[in-house]
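Read off the chains here:
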Amino acid sequence: MRIGNVEISSVASLAPLAGITDRAFREVCRRFGAGYGESEMVSAKALSFDDKKSKELMELSDNEHPCGIQLFGNEPLLMANAAKLAEKAGADIIDINMGCPAPKIANNGTGSALMKNPKLCGEIVSAMKNATDLPVTVKIRKGFDDEHVNAVEVACICAENGADAVIVHGRTRQQYYSGHCDLDIIKEVKQNVSVPVIGNGDVKDIKSAERMLSYTGCDGLMVARAALGNPWIFRILNEYFEKGIIIQPPSPEDKLRIMREHIELACEYKGERMGMLQSRKQIAWYLKGFRGAAAFRNEAGRVSTLEDMYGLIDRVLEFQKGL
Ligand SMILES: Cc1cc2nc3c(=O)[nH]c(=O)nc-3n(C[C@H](O)[C@H](O)[C@H](O)COP(=O)(O)O)c2cc1C
């Protein structure tokens, strides 16, 4: 799949997850073969105030390209300026958030609320395309609610205004992340636009990925929640779709080694204190499925240093031997 002039070499990519898809996690997912990763969403308005935290969210590593930076906002001029900053920060793709359901985002007219105003969606895409040479993508939902299912309309307007790909999460804003992901709407979008369509929602294994691809005809996939504590899902999907091989997840020892390397990387980028604080949930996700997981995941909520994590890893490994 190509998004504009960017070649995406595998079928599944890492979806943006606020507070989660930081540089370290994206790097780990890319190592396991994610086609590309996306930053956490970055506020165009905050960037216009030169906000330090927002600028930090756009920091990329050399070895994670191609990588997308996702922007949110509803003012074409601010979004265009933010696109220039994202380009300067080294993004390969710029994605526009048209799906975030959180009240603090949608009640401001940004994220999923943009879908209520398809004309504005087109204006934002057009302004950003004029501001940058990079491919611009949009990440939309099925619609705002069941009474306003307009993914096809929004996708068409965005494509007419120059969007280079459309990512569709098959749920409405009203559904947040519950209920089922509607593959029919993704199929409909695919049938109505000529740019690549990336299907998103509930892809968690080979079966669900195969169904998303074959049922909707989409060009690629984005995986979000199923990658948490499970970055090797990209290798599992790639091996299957590229070679027809079904591989097993890593051994418990390997999972813990991958977790250790991931969290060490997070600490390298954020400093140990912040890195560990923000990694507690990641550690808990990695420990899912281990023997004694409930207690160990509780412990994960209290780790403050790398030493704490190394101790936890030793105890988890020791406990597995008791099987
Ligand atoms: C905690 C969390 C944070 C998210 N943050 C973002 C975000 O910053 N930008 C975005 O476009 N989508 C965001 N999403 C939505 C996901 O990218 C994805 O569309 C959704 O989770 C459905 O995919 P999945 O079933 O593979 O999880 C977020 C989802 C969750 C659960």
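Predicted model only: the values in this text are computed from it and were never measured.

1. Description of the overall build of the protein
Within the protein one finds 14 helices and 11 strands. With respect to the principal axes defined by its C-alpha atoms, the protein has extents near 60 × 45 × 35 Å. Expressed as a percentage of contacts within the protein between residues at least 6 apart in sequence, the contacts between residues at least 24 apart total 68%. For the protein, the computed accessible surface area is about 14100 Å², with 49% contributed by carbon and sulfur atoms. Side-chain charges of the protein comprise 41 positive and 43 negative groups, with the mean position of each set lying 4 Å from the other.

2. Observations regarding empty space enclosed by the protein
Inspection of the entire model under this criterion finds 1 cavity of 30 Å³ or more. Of the volumes computed, that of the largest cavity is approximately 40 Å³. Asp22, His262, Ala266, Lys270, Gly275, Gln278, Ser279 and Gln282 together form the lining of the largest cavity. Counting only elements with at least two residues in the lining of the largest cavity, the list comes to helix H11 (252-270) and helix H12 (272-286).

3. What to know about the packing of aromatic side chains
Evaluation of the coordinates by the stated rule reveals 4 aromatic pairs. The interplanar angle of 45° and the centroid separation of 6.1 Å between the aromatic rings of tryptophan 232 and tyrosine 286 together place this pair among those described as tilted. Here tryptophan 232, found in the loop between strand S11 (220-223) and helix H10 (233-243), pairs with tyrosine 286, found in helix H12; they are 54 residues apart in sequence, far enough to count as distant. No difference in accessibility class separates tryptophan 232 from tyrosine 286, as the two residues are buried. Aromatic pair phenylalanine 296 and phenylalanine 319: ring centres 5.6 Å apart, planes at 80°, arrangement edge-to-face. Taken together, the residues span a long stretch of sequence, with phenylalanine 296 in helix H13 (residues 293-300) and phenylalanine 319 in helix H14 (residues 306-321) at a distance of 23 residues. Given the relative accessible area of 8%, phenylalanine 296 is considered buried. Through successive ring pairs, a cluster of aromatic residues spans Phe32, Trp232 and Tyr286.

Analysis parameters
Think of each chain on its own: its residues are numbered from 1, step by step along the sequence as written. At least 70 in pLDDT is required for a residue's local features to be given in this predicted model, at least 80 for side-chain atom pairs to be given and counted, and no such filter applies to totals for whole chains, interfaces and linings, which use all residues. To get the side-chain values, all heavy atoms of the structure are used, and hydrogens and water are removed first. Only DSSP runs of H or I covering at least 4 residues are called helices, and only runs of E covering at least 2 are called strands; the numbering of each starts at the N terminus. In this analysis, two residues are considered to be in contact whenever any of their non-hydrogen atoms come within 4.5 Å of each other. Methods summary: accessible areas were calculated by the Shrake-Rupley approach with a probe of 1.4 Å, and residue burial reflects only the protein chains presented. Positive: Lys, Arg. Negative: Asp, Glu. His and the chain ends are not part of the count. Every charge is mapped to an atom, namely NZ of Lys, CZ of Arg, CG of Asp or CD of Glu. Lining residues are those with an atom within 4 Å of a point, where the points come from a 1 Å grid over the protein atoms alone and group into cavities, where a 1.4 Å probe fits but cannot get out, or pockets, open sets with protein on both sides within 12 Å along at least five of seven lines. Grid points are joined across faces, edges and corners, and a volume is the space filled by probe spheres set on the points. When the centres of two rings from Phe, Tyr and Trp lie within 6.5 Å, Trp using its six-membered ring, the rings pair. Their planes under 30 degrees apart give stacked, over 60 give edge-to-face, and anything left gives tilted. For each residue, the accessible area found with a 1.4 Å probe, counting protein chains only, is set against the maximum for its type, and the residue is called buried under 20%, exposed over 50%, and partly exposed in between.

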